[in-house]
Amino acid sequence: MKRSIVVTGGAGFIGSHVVRLLVNKYPEYRIINLDKLTYAGNLANLKDIEDKPNYRFVKADICDFETVCALLQEEKVDGIIHLAAESHVDRSIKDPFTFARTNVMGTLSLLQAAKLYWEPQGWKVGDVPCRFYHISTDEVYGALQMTDPEGIEPPFTTKASSGKHHLAYGSEFFTEGTKYQPHSPYSAAKASSDHFVRAFHDTYGMPTVVTNCSNNYGPYQFPEKLIPLFINNIRHRKPLPVYGKGENVRDWLYVEDHARAIDLIFHEGKVADTYNIGGFNEWKNIDIIRVLINTVDRLLGRPEGADMDLITYVTDRAGHDLRYAIDSSKLQRELGWEPSLQFEEGIEKTVRWYLDNQAWMDNVTSGDYQKYYEEMYKGR
Ligand code: NAD
Ligand code: DAU
């Protein structure tokens, strides 16, 4: 089947991996990357596929309703994979309006444009059933406690609903049924956009699907996020600003595994359904930071651990969620998805990529980046 798919935010971190996967895997599809190119969007992330005949880049804002409407008609779009968003929690604390505009109003603009184009055709373009796939986050569920009913010190072994055992920092997980309880302006805006997507299914019958994923890591992530920021700082022997005590827990997934899940769910996920995506891979920030220091040191030929003294405890993030942990057993059980990489392998690959691509890092950290960095960490 031929398809015409708009990927929003395709020049960002996860979006670029999704675009690359779709362009290479489906030469018969037309893949249109719609991106505003904010500070987080970078066409250098897609250099290797930019000349492929089935790929087109369109520089546009998802809030620009007329432009989106015209593009859907012009390209006879039957699928939208929506990743465009403001994505960084610390920025949302400083500037919540931008997050409401892009994440809420931008999503609504896309939904309404898709409805206007698809509904009169019976939610089909030619013979192809339409689909609006919204990429969300585990942060909408709020935060989990680090508790164990038997009083064992975490991390302890626990059994997910898949039946598999793994290490965890608490006995509860985010499932698809967990109630929404966002704490940051970022997660509040993402939660709101999720509600709009579901409302468009329930009210108009739009064929939607929503996924909520845990923290991603890997190549092409903007160095305001923990892993690329710290790799770059260790390389240049700059302080590593650890929020609070470094005890917060995140559940990490290699970005290409997320992209594979998105491909699978776009094609095979049930209409109106929700899938949680995560690798059962919980880490305390401070433990990841130690792994990063050891790995960077080793790969740069420094004595392993030589840079531990860069660790600098700073004032905590306001409203800092304690623990995220995704239960992805539904996706594993129903669609047969599994993460392909062990965390140790993924981190080694990631650190190597950033060290080998210093030109990419220098490019994205030139311009306004230094100003942002100083402003963000001032007084912490
Ligand atoms: P990112 O910040 O790296 O990229 C966002 C992209 O969206 C950029 O290319 C940017 O230019 C584009 N964009 C921003 N505003 C836009 C607008 N108004 N119009 C058009 N394009 C715009 O983000 P990411 O980390 O790749 O996250 C992508 C999506 O996945 C987001 O929706 C995010 O909420 C979600 N998500 C991210 C993670 C994670 O760990 N990074 C985990 C779960 C879910
Ligand atoms: O859980 C999914 C979410 O993961 C996504 O929805 C977000 O878009 C993405 O940014 C990410 O959010 P986090 O806030 O968890 O990611 P971040 O890399 O900003 O921070 C990870 C942890 O590290 C968090 O507990 C805060 C801490 N941290 C972060 C930075 C940038 C520090 O201690 N110091 C830092 O300088």
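Residues numbered from 1 in each chain as written. Chains lettered and ligands numbered in written order. Predicted model: local features only at pLDDT ≥ 70, side-chain atom pairs only at ≥ 80, totals over all residues. Heavy atoms only, no water.

1. Things to note about the state of the cysteines
If you walk through the whole model with that rule in mind, you get zero disulfides. Here cysteine 69 is not disulfide-linked; the sulfur of cysteine 63 is the nearest cysteine sulfur, at 13 Å. (Disulfide = S-S within 2.5 Å.)

2. A short note on the packing of helix H4 (residues 96-118) against helix H5 (residues 185-204)
Their axes nearest at 8 Å, the elements H4 and H5 cross at an angle of 15°. Accordingly, the angle class assigned to the pair H4 and H5 is roughly parallel. Where H4 crosses over H5, the handedness of that crossing is right-handed. In this structure, H4 contributes Pro96, Phe99, Ala100, Asn103, Val104, Thr107, Leu108, Leu111, Gln112 and Lys115 to the contact, and H5 contributes Pro185, Tyr186, Ala189, Lys190, Ser192, Ser193, Phe196, Val197, Phe200 and Tyr204. (Axes fitted to C-alpha atoms, helices over the stretch in contact; angles between N-to-C directions. Helix = DSSP H or I, 4+ residues; strand = E, 2+ residues; numbered from the N terminus. Parallel < 35°, antiparallel > 145°, perpendicular 65-115°, else oblique. Left-handed = near helix turned anticlockwise from the far one by under 90°. Contact = heavy atoms within 4.5 Å.)

3. Examining the packing of aromatic side chains
Within the structure shown, the criterion is met by 22 aromatic pairs. Centre to centre, the rings of tyrosine 141 and tyrosine 180 are 5.6 Å apart; their planes meet at 90°, and the pair counts as edge-to-face. Of this pair, tyrosine 141 sits in the loop between strand E7 (131-137) and strand E8 (156-159) while tyrosine 180 sits in the loop between strand E9 (165-168) and H5; the two residues are 39 residues apart in sequence, bridging distant segments of the chain. In terms of burial, tyrosine 141 and tyrosine 180 fall into one category: buried. Three or more aromatic residues link up through ring pairs in this structure, and these residues are Tyr39, Phe222, Tyr243, Tyr369, Tyr372, Tyr373 and Tyr377. Directly above the aromatic system of tyrosine 204 lies the positively charged group of lysine 115, at a separation of 4.5 Å from the ring centroid. Looking at arginine 380, its charged tip hangs above the ring of tyrosine 243, at a distance of 4.1 Å from the centre. (Phe/Tyr/Trp six-rings, centres within 6.5 Å; stacked < 30°, edge-to-face > 60°. Buried < 20%, exposed > 50% of the residue type's maximum accessible area, 1.4 Å probe, protein only. Lys NZ or Arg CZ within 6 Å of the ring centre and 35° of its normal.)

4. Considerations on the pairing of strand E2 (residues 30-35)
If a strand is regular, its side chains alternate between the two faces of the sheet. With five of its six residues buried, E2 lies for the most part within the structure. Where strand E1 (residues 4-8) meets E2, five bridges bridge the pair, whose relative direction is parallel. Within E2, the residue paired with isoleucine 5 across the bridge is isoleucine 31. Once the chain exits E1 it traverses helix H1 (residues 13-25) before rejoining the sheet at E2, and the crossover so formed is right-handed. As paired elements, E2 and strand E3 (residues 55-59) share five bridges and run parallel to each other. (Pairing = 2+ DSSP bridges. Right-handed = clockwise from strand over helix to strand, strands pointing away.)

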